[in-house]
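Read off the chains here:
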Amino acid sequence: SQPPEPRSRCVCLFLPGDSNPKESSPFINSSDAATEKTQQYDRKNMALFEEEMDTSPMVSSLLSSLANYSNLNLNCNCAPQLGTLMGVYMPCIQNIFGVILFLRMTWLVGIGGVIGTFIIVFMCCTTTMLTAISMSAIATNGVVPAGGSYYMISRSLGPEFGGAVGICFYLGTTYAGAMYILGAIELLLIYIAPKAAIFPLEGLEGPEAEAALLNNMRVYGTILLTSMATVVFVGVKYVNKLALVFLACVILSILAVYAGVIKTAMDPPVFPVCVLGNRTLVWKSFDVCAKTIETANGTVTTQLWQMFCDSPFLNATCDKYFVANNVTEIQGIPGVTSGILADNLFGNYYEKGDLIARDKMESVEDQDEPLTNANRYVLADITSFFTLLVGIYFPSVTGIMAGSNRSGDLRDAQKSIPIGTIAAITTTSTVYMSSVVLFGACIEGVVLRDKFGEGVHGNLVIGTLAWPSPWVIVIGSFFSTCGAGLQSLTGAPRLMQAIAKDGIVPALRIFGHGKANGEPTWSLLLTACICESGILIASLDSVAPILSMFFLMCYMFVNLACALQTLLRTPNWRPRFKFYHWTLSFLGMSLCLTLMFLCSWYYAIVAMVIAGSIYKYIEFAGAEKEWGDGIRGLSLSAARYALMRLEEGPPHTKNWRPQLLVLVSTDAEQNVEQPRLLSLTNQLKAGKGLTIVGTALGGTFLDNYEQAQRAEQALRKLMETEKVKGFCQVTVSSNLRDATSHLLQASGLGGLKHNAVLVSWPRNWKQGDEHQHWRNFIELVRETTVANLALLVPKNIAAFPSNGERFTEGHIDVWWIVHDGGMLMLLPFLLRQHKVWRKCKMRIFTVAQMDDNSIQMKKDLTTFLYHLRIDAVVEVVEMHDSDISAYTYEKTLVMEQRSQMLKQINLTKNEREREVQLIHDNTTPASPATPATPLTPGEGAQSPGEQVQMTWTEKCDGEPAKPPGAATPEGIKDIFNMKPNQFNVRRMHTALRLNEVIVKKSSEAKLVLLNMPGPPRNRTGDENYMEFLEVLTEGLNRVLLVRGGGREVITIYS
């Protein structure tokens, strides 16, 4: 016989709670001792992987831990045993059927008509069915612990949405508790024990009677809430034991209604309604529906007569309407075969205080006569309209989350949740839709529209239809509403505790604590207080739309979560439930949003404001959580799409803004040496845009990885301190010059790249040991020019203001010498958007040469600034040609002598080594094809310019030529006998003249911006270039040197 085929087994891993560090760990047993791991690998042919045993366990040990893992609470020793019927179907049935079915369904049919109410029911049931499909997909995409919909939404849409919707769901569940309690009190005070009212209703009319009823509801509601909260506090086990009893009450009540409907077809019950003209009378203070009755002693007036007349005699003065119209007794429940359905098809909407009248009966009345004896008639207690009915009805289809909330107790949650929930919604929807038709087919219209059954001896209207007795419905619905209220008071605190324990809303952390056994005491207290606010409203019809809003918002986000995950095609989105589609989720979401505004547009706005406020609060104050949510996936997709769009072409001049690459240096401890650079960055970022803060480290990446991580953390910390929003990047290369170049080339992504570089002026550049820093700086200037990047160089960066400082007055002076694309105009404008520079005025200086018309230049510049919408004072400075002074010659000569001395000092360091190398090369024959010897890392640290200067040619006789500036007595003598270069003299002359004018005009300015001249094309003059810039900015406190990026950045057009 063949051996049986091995069966493949799928193991589900559940990592509970966010506070559990295991959620982000791929393995469970990552904390095992090293000795145990060594033993695991020993003698198991695993020597190849033994060096990774700290992070990678063997598959056998992983599978063993997964197979033994449980999603239950560790304190519970029982295995999950509940199946689909008892674990999902029955709890959903109990939560969905509730107070609205028993207290308001008949009234809804009467007011909205069979057709209108059927549309409402169908719309609401469709919404919950679509939501259930989305919820089933989410619930079967991994295990959902306690927290139900909150857990699903938060893990799918992120902590902000999760917290906002979770709190909305909590508020909805809490107000549902208030609605159930108010329903129970309404049943008690109107149908079961009217005489128990603390504020008696007898003899009161209109507003006084209404106020007394509401006060009774408030008092008894508070008493019942206190009792229920005490029961929940004492022990949830009692609530769970009573749940089956309450469920039985619901089912028996519904069966009694259906039995009553069947009975009406054969033998309709006798529930007469007394109608005067076409007005329904309150059948409470009279026994016979007639004005007079014939007895042996003659005609006798009835109690009804005495209600409308001033005496019991036939000659009494009576109400005009009473005299003019007949009294008719009609059958309240004509039965399902009576054809009454045709009369109840269309709606009858009333204003508050309108008479509940029968349409097809004649009535003699004077329209100008005021209504008298109003308390004798059945009146509309509220103004009704279609959208109100939607808001009142929707709570009767909520409760679909009951199954998913119990996923920890289910034997197979992945299978039970979809089947149980969808079956429960199908059952309840069938009951609701059939109820609408059957109520319309069995009950007289005026009885349906009689909300409190005043025309049928004060009976519950749905009770008049029930068999064998109305009391079956009254008692059954009372207990079912009490049970539903207890369930709400049990579930809501646990939901709040789950939100509090997640730690995403700091203000709610206290509600995560509870009793020693984990019962949420503080959350229960909060729930009771919020529930009391609903009870103080005291009207079931007013509370129902409030909780409709919160539930609809919750369902809307469940649908959004499913649609988002499906559209984004997240790799982790693999639900077992396959019968879903993003279009269904989107339709469900649209229906939820539509119903929200149908129910009550102002409640919908309030609910959205609450949810939005919570969202922003969590975003700014909440703990940072990464749950792999769909919003993060959406952000990635949106970012990818936006980056692809940016690639399509360079931004228009109107959209140009400085996307800064900020280059900072760090010390040996990886602390930033120029923190004020980031302060300046923050002040410039009023124009928003991209910010990348980068630093370069020398060495190899393998050896310096930890150092790079520390540097990155230091950058992040400083960015947070200076409130700079952006990214940081650390590059490691063999030398700092290359690392900086790599930063310049590789930073950014696609079209989102930097277009400007911000780097501080090299400090102490004149010191001999700092030569490499200024060489790197000049190479950076050259690279930005080649890459068409703007360059901003703040000089004396330590003197720049911090973000906390404020200038109350002063000027930002712009020296516009050459056109740079408008950078000099744009930067002061951006700076003045920040509070540090807001009070500073802007001045623009430009230089006129001998042959320029300075008056015309000023006019043109003023017009240009007007078109640019920039407020600034314009001044044209005339610089006439003048002879070059002896001081200029002297300054140039000192500069060149110093430069030559620096070269000499610099070269002597490597001179001996080079001599030895050259002798060795001359004595060793080499092939012409032999490549040049590569530089060592130390030599490679020098710039290309330096390498050019340090090469020389051999003489014809084979002797190596001395490099220029060699350390010989003749070389030193030459330095002191040299004459200044005329080109350098002219540049020094310009720098001195410009500096003289700038210091004269702008010495008191808070900031001076001026064009930064480009470096010389020939690298031999690099040292002189630094000297020219030093001379140009001498005597100025804060200077920002600016080089344009080769494109226009500012425009006069809209």
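You'll find the structure just up there.
Computed from a predicted structure; not experimentally measured.

Tell me about the sheet that holds strand S12 (residues 841-848), and name the residues and values.
Neighbouring strands of a sheet are bound in pairs by backbone hydrogen bonds; such pairs are parallel or else antiparallel. Reading across the sheet, the ten strands line up as S8-S7-S6-S9-S10-S15-S14-S11-S12-S13 and stay open at both edges, with mixed pairing between neighbours. Two strands bound the open sheet, and with one partner strand each, they are strand S8 (727-733) and strand S13 (873-878). Neighbour-to-neighbour, the strand axes of the sheet open up by a mean angle of 20 degrees, direction not taken into account. Where strand S6 (residues 660-664) meets strand S7 (residues 691-698), five bridges bridge the pair, whose relative direction is parallel. Of the residues in S7, the one forming a bridge with Val 662 is Val 693. On the sheet, helix H23 (residues 676-684) packs against S6, S7, strand S9 (756-759), strand S10 (790-795) and strand S15 (1039-1043) and is oriented at approximately 170 degrees with respect to S6.

Describe the packing of helix H19 (residues 540-568) against helix H20 (residues 582-599), listing the residues and the values that go with them.
For the pair H19 and H20, the least separation of the axes is 8 Å and the interaxial angle reads 160 degrees. Classified by the angle between their axes, H19 and H20 sit roughly antiparallel to one another. In the packing of H19 onto H20, the handedness of the crossing is left-handed. Taken together, the residues of H20 that come into contact with H19 (itself represented by Ser 548, Met 549, Leu 552, Met 553, Tyr 555, Met 556, Asn 559, Leu 560, Cys 562, Ala 563, Thr 566 and Leu 567) are Trp 582, Ser 585, Phe 586, Gly 588, Met 589, Cys 592, Leu 593, Leu 595, Met 596 and Cys 599. Class assignment of the residues belonging to the contact of H19 with H20 gives a composition of 17 nonpolar, five polar and no charged.

Explain the state of the cysteines to me, and be specific about the residues and the numbers.
In this structure the tally under the stated criterion is two disulfides. Note on cysteine connectivity: Cys 274 is disulfide-linked to Cys 289, with sulfurs 2.0 Å apart. Residues Cys 274 and Cys 289 share a disulfide whose torsion about the S-S bond is about 85 degrees; that sign makes it right-handed. Of the two residues, Cys 274 sits in strand S1 (residues 272-276) while Cys 289 sits in the loop between strand S2 (279-280) and strand S3 (292-295), which places them 15 residues apart along the sequence.

How would you explain the nonpolar core if you had to name every residue and give the values?
Among the nonpolar cores identified, the biggest contains 164 residues, and Met 105, Met 179, Tyr 393, Met 401, Tyr 432 and Phe 439 are the most heavily contacted of them. Counting 53 residues, the second largest nonpolar core, distinct from the first, contains Val 814, Trp 816, Leu 1007 and Val 1042.

How would you sum up the environment of Gly 172? Please name residues and give values.
Secondary-structure assignment places Gly 172 in helix H7 (residues 159-192). Given a relative accessible area of 0%, Gly 172 falls into the buried group.

Hey, could you go over the side chain of Lys 795 for me, with residue numbers and the actual values?
With respect to the element layout, Lys 795 can be found in strand S10. For Lys 795, the side chain forms a polar contact with the side chain of Thr 1033, separated by 3.3 Å. If sequence neighbours within four positions are ignored, Lys 795 has contacts with Trp 761, Phe 800, Glu 1030, Thr 1033, Asn 1037, Arg 1038 and Val 1039.

Which residues make up the pattern of salt bridges, and what are the values?
In a structure, side chains of opposite charge can pair up when their charged atoms sit close to one another. Applying the stated criterion across every chain, the model contains 15 salt bridges. Measuring nitrogen to oxygen at the nearest pair gives 3.1 Å for the salt bridge that ties Glu 365 to Arg 279. Note that Glu 365 is positioned in the loop between strand S5 (327-331) and helix H12 (386-393) and Arg 279 in strand S2, a separation of 86 residues in sequence. Overall, the relative accessible area of 37% leaves Glu 365 in the partly exposed class. Between Lys 616 and Glu 619 there is a salt bridge, and its shortest N-O distance comes to 2.6 Å.

So what's going on with the packing of aromatic side chains? Residues and values would help.
For any pair of aromatic rings, the description consists of the separation of the ring centres together with the inter-plane angle of the planes. Inspection of every chain in the model, using the stated rule, returns 23 aromatic pairs. Taking the centre distance of 5.7 Å and the plane angle of 70 degrees together, the rings of Phe 478 and Phe 479 count as edge-to-face. Residue classification places Phe 478 among the buried residues on the basis of a relative accessible area of 18%. Pairwise contacts between aromatic rings join Trp 305, Phe 308, Tyr 321, Phe 322 and Tyr 377 into one cluster.

Requested: an account of the pairing of strand S11 (residues 811-816), with residues and values cited.
A large share of S11 lies buried, amounting to five of its six residues. Relative to S12, S11 runs parallel, the two sharing six bridges. Each bridged residue has a counterpart across the sheet, and for Asp 813 the counterpart in S12 is Arg 843. After leaving S11, the chain enters helix H27 (residues 823-831) and then returns to the sheet as S12, a path that is right-handed.

Analysis parameters
- Residues numbered from 1 in each chain as written.
- Predicted model: local features only at pLDDT ≥ 70, side-chain atom pairs only at ≥ 80, totals over all residues.
- Heavy atoms only, no water.
- Pairing = 2+ DSSP bridges.
- Helix = DSSP H or I, 4+ residues; strand = E, 2+ residues; numbered from the N terminus.
- Axes fitted to C-alpha atoms, helices over the stretch in contact; angles between N-to-C directions.
- Contact = heavy atoms within 4.5 Å.
- Parallel < 35°, antiparallel > 145°, perpendicular 65-115°, else oblique.
- Left-handed = near helix turned anticlockwise from the far one by under 90°.
- Nonpolar A, V, L, I, M, F, W, Y, C, P; charged D, E, K, R; others polar.
- Disulfide = S-S within 2.5 Å.
- Core = buried A, V, L, I, M, F, W, Y, C linked by side-chain atoms within 4.5 Å.
- Buried < 20%, exposed > 50% of the residue type's maximum accessible area, 1.4 Å probe, protein only.
- Polar contact = N/O pair within 3.5 Å; in protein donor to acceptor, adjacent residues only side chain to side chain.
- Salt bridge = Lys/Arg side-chain N within 4 Å of Asp/Glu carboxyl O.
- Phe/Tyr/Trp six-rings, centres within 6.5 Å; stacked < 30°, edge-to-face > 60°.
- Right-handed = clockwise from strand over helix to strand, strands pointing away.

The values reported here are purely geometric and, on their own, carry no functional implication.
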